[in-house]
Amino acid sequence: MSPHRLLATSHRVLRQLRHDPRTIAMMLIVPIVLLTLLYWAFHATPEIFTNVGPALLGIFPMIVMFLVTSIATLRERTSGTLERLMSMPMQKAELILGYALAFGLLAVIQAGLATGLSVLLLHLTLAGSPWLLLFVAVLNALLGTALGLFVSAFAASEFQAVQFMPAVLLPQLLLCGLFIPRGQMQTLLADLSNVLPMSYAVDAMTQVSTHTGITGDFWRDLAVIAGSALLVLVLGAATLRRRTP
Amino acid sequence: MNSHASPAVRAAALTVVRGSRTVLDSLDFTVPRGQVTGLLGPSGSGKSTLIRALVGAQAKVSGALDVLGHPAGDPALRDRVGYVTQSPSVYRDLTVSQNLEYFATVIDARASRATRRAAITKALTDVDLTDHADDLVSRLSGGQSSRASLAVALLGNPELLVLDEPTVGLDPVLRRDLWKLFHRLADERGTTLLVSSHVMDEAERCDRLLLLREGRLLADDTPDALRAETQTKTVEEAFLHLVDKAATAS
C-alpha cells in the first residue's frame, strides 16, 4: 500500500468538494440549524434537549457522511473513473481509506462545530468530556462513510442511492433508543436494536453525557462502532471489482 | 531487443459472454508493436468489450489473451497500458491539471514532483489543452473533455495505448490532429496503439485493421492488402464485400 496514493485520493476528494462550496456549507450548517431548532422547540423542557441532544450529535455525522459517500462513490462508478483507477496501479484499500480520510476530516469539522455550539451556546449539560463526544461523532461519521460506500454498489442511479438513506438509516434511527428507550421495546425489536450499529452510537453519546468517567459500556460501544465500520469497509472493498460484466 | 519480435497483443480463441449473449466469439488475432492498429466495426459489434478484455476490466473472458507478454489484467501491466474509455473518465468537478496531478500520482506514486510536473506538461501539449489546463472539466466542450481523458492515459508513457472511439464527435481538424498524434506516438516513442472506431474512413489512417462484426473477426490485415484482396477502393467497400461473402458462406 502506498501512502502517496492514499493521500492523493483524499486530496482529490477534498478538491472536488472545494469546487462545490454549497455542499460543504450544507454539510456544516444544516446540523447546526437543526440542533438550534431542537433547542428552541424544547425550550420549556430543557431536560428533553439534554437527553436527545447528545444522541443527535452522534446521528447527524453518520447520516450526512452516508449520503455524501454513497453519491460520491456512485459517481465514481458511473463516470468510468473507477474503471480507470482499477486499470491503474491503485489498490482498493488506498482508494477506500483515501475516501475515509477525506470525509473523516470533514466530520471532525462538522462534529466540532455541532458539539461546540451545543456545549457553548445551547448550554447542553454533559457529565463527561465534550472531547469524548467529538471523538464518538467522528467515529460515527466513519461508520456512515463505510455504509455509504457499501450501499453505493447496489445503486444503479443517484435516485436509488438517495433512497438507501431511509432504507438503511431510518430503521436504525427508529430502534436506536431515541424514540423509545431500548429497554422498553418488545423482545424482537430489542434484539433487532441490539444488532444495529446506530444503537451503540447513540448509547456511547448517552454514556458520555450521563457519566463523568469512561464507563465499561462506553468501551463496548466504541468497539462495536469501530468494528462495524471496519467490517462494512471490508465488505465495501469487496464490491470494488477490477473486472465487471 | 527481442521483445519487439513478439506482438503486443496475442489472442487465441478469445470469447466473452455477457449474460446469455456471446459478445466475442472465438477471436484469434495479434496486434504488432509500434504501430497503429484500428479496431473497426459498427456499434454493438463488440469493440468496447474487446478493449475492456484487453485492459482486464471485463469479466467472463475465456481463451488466451496475452498483453505485452502477460495475461490481460495482470498487475504488472497496470502502469504499462494506457486506457481511454468511450465516455471521458475524468472528474468533471476538477480542473484538467488537477485531474492530471491525481492520476499522475496514482500511476507513479514514487515519482518526484518535478517528474510528475513534466509528464503533465507533456500530456497537455500532446492533446493541445495547455490553454485549458485550469478550466473545470465540466466547463469544457465534449471534444475537449475527451482529450483531457486521453491526456490522462498518456501520463505514464504507456507501451500500449488502448483507445475506445477517441475521435467521436470531434471536428475534422481535431480528428486529423489526433491521428497525427497517434502516429507520432507510434513512430517516435514506439508506442503500440489500438484505436477503435465505427467510422470506416478512419480505417484508412491505420497501419493495420481488425474488422469486427457481431462478435466475429471479418479481417485482420493492412488497409492496402484488404482493398487489394477484395478488389475494392475503400475499406468501407471491403467491409461490405466481406459481410456479403460471410453471409453467402453460411
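Note that the structure is a prediction, hence the values are computed from the model and not measured. (Residues numbered from 1 in each chain as written. Chains lettered and ligands numbered in written order. Predicted model: local features only at pLDDT ≥ 70, side-chain atom pairs only at ≥ 80, totals over all residues. Heavy atoms only, no water.)

K.L.:
Please explain the overall build of chain B as it appears in this structure.
P.N.:
Counting its regular elements, chain B contains seven helices and ten strands. Whereas a compact globule of 250 residues would reach a radius of gyration of roughly 18 Å, chain B reaches 18 Å, a difference of no more than 12%. Taken along its principal axes, the extent of the C-alpha atoms in chain B is 60 × 40 × 35 Å. With 250 residues in all, chain B has 52% of them scored as buried. Contacts in chain B between residues far apart in sequence, at least 24 positions, make up 66% of those at least 6 positions apart. Counting every atom, chain B has about 11100 Å² of accessible surface; 48% of that belongs to carbon and sulfur. For chain B, the centre of its 29 positive side-chain charges and the centre of its 32 negative side-chain charges are spaced 4 Å apart. (Helix = DSSP H or I, 4+ residues; strand = E, 2+ residues; numbered from the N terminus. Rg over C-alpha atoms; globule rule 2.2 N^0.38 Å. Buried < 20%, exposed > 50% of the residue type's maximum accessible area, 1.4 Å probe, protein only. Contact = heavy atoms within 4.5 Å. Areas by Shrake-Rupley, 256 points an atom, 1.4 Å probe, with all protein chains shown as cover. Lys, Arg positive; Asp, Glu negative; His and termini not counted. Charge placed at Lys NZ, Arg CZ, Asp CG, Glu CD.)

K.L.:
What is the right way to look at the interface of chain B and chain A in this model?
P.N.:
In this assembly, 34 residues from chain B lie in contact with 27 residues from chain A. Across the chain B to chain A interface the summed buried area is about 2800 Å²; carbon plus sulfur atoms make up 53%. Mapped onto the side of chain B that touches chain A, the elements with two or more residues apiece are strand 6 (81–84), helix 2 (96–107) and helix 4 (142–154) of chain B. If you tally residues by element for the side of chain B that touches chain A, the top one is helix 2 of chain B, at seven residues. (Buried area = accessible area lost by both parts, 1.4 Å probe.)

K.L.:
Would you explain the UniProt feature "domain: ABC transmembrane type-2" (unreviewed entry) in chain A in this entry?
P.N.:
The positions that UniProt labels "domain: ABC transmembrane type-2" (unreviewed entry) are, in the present scheme, residues 18–243 of chain A. Each end of residues 18–243 of chain A is marked by a C-alpha atom, and these two atoms are 32 Å apart; helix forms 79% of the span and strand 0%. (UniProt positions renumbered as here; feature names shortened; annotations may be inferred.)

K.L.:
Is there a simple way to explain the UniProt feature "domain: ABC transporter" (unreviewed entry) in chain B in this structure?
P.N.:
As annotated by UniProt and renumbered to match this structure, "domain: ABC transporter" (unreviewed entry) occupies residues 9–239 of chain B. End-to-end, the C-alpha atoms of residues 9–239 of chain B are 23 Å apart, and along that stretch the chain is 34% helix and 27% strand.

K.L.:
I keep staring at a nonpolar patch on the surface and nothing clicks. Help me out?
P.N.:
Taken together, Met 26, Ile 29, Val 30, Val 33, Leu 34, Leu 37 and Trp 40 of chain A make up a surface patch of nonpolar side chains, about 700 Å² in accessible area. Here Leu 37 of chain A shows up in helix 2 (residues 21–41). (Patch = residues over 30% accessible without salt bridge, like charges linked within 9 Å, V, L, I, M, F, W, Y side chains within 5 Å. Salt bridge = Lys/Arg side-chain N within 4 Å of Asp/Glu carboxyl O.)

K.L.:
Looking at this model, I keep getting lost on helix 5 (residues 172–189) of chain B. Mind explaining?
P.N.:
Since there are 3.6 residues in each turn of an α-helix, residues three or four apart along the chain are aligned in direction. All names here are of chain B. If you check helix 5, its first and last C-alpha atoms are 25 Å apart, about what 18 residues at 1.5 Å a residue would give, namely 26 Å. Here helix 5 has its buried residues at Leu 174, Arg 175, Leu 178, Trp 179, Leu 181, Phe 182, Leu 185 and Ala 186. What you see down the axis of helix 5 is that its buried residues fit within an arc of 150°, all on one side. Exposed residues pointing more than 90 degrees away from the buried face of helix 5 are listed as Pro 172, Lys 180, Asp 187 and Glu 188. In this fold, the buried residues of helix 5 make contact with strand 3 (36–40), helix 3 (113–126), helix 4, strand 7 (160–164) and strand 8 (192–197). At the N-terminal end of helix 5, a side-chain oxygen is found 2.7 Å from the backbone nitrogen of Val 173, two or three residues along, and the residue is Asp 171. (Expected span 1.5 Å × (residues − 1). Arc of directions from axis to C-beta. Polar contact = N/O pair within 3.5 Å; in protein donor to acceptor, adjacent residues only side chain to side chain.)

K.L.:
Any chance you could explain the environment of Thr 23 of chain A here in plain terms?
P.N.:
Residues and elements named next belong to chain A. As for its position among the elements, Thr 23 is in helix 2. In this structure, the C-alpha to C-alpha distance between Thr 23 and Pro 61, residues 38 residues apart in sequence, is 14 Å. There is a polar contact of 2.6 Å between the side chain of Thr 23 and the side chain of Asp 20.

K.L.:
Help me understand the confidence of the model for chain A in this model?
P.N.:
Detailed reading of the predicted coordinates is not advisable wherever pLDDT is low. Scored by pLDDT, chain A has a mean of 91; 100% of the residues are at 70 or more. Per-element mean pLDDT across chain A ranges from 90 in helix 3 (residues 46–78) of chain A up to 95 in helix 1 (residues 3–18) of chain A. (pLDDT = per-residue confidence, 0-100.)

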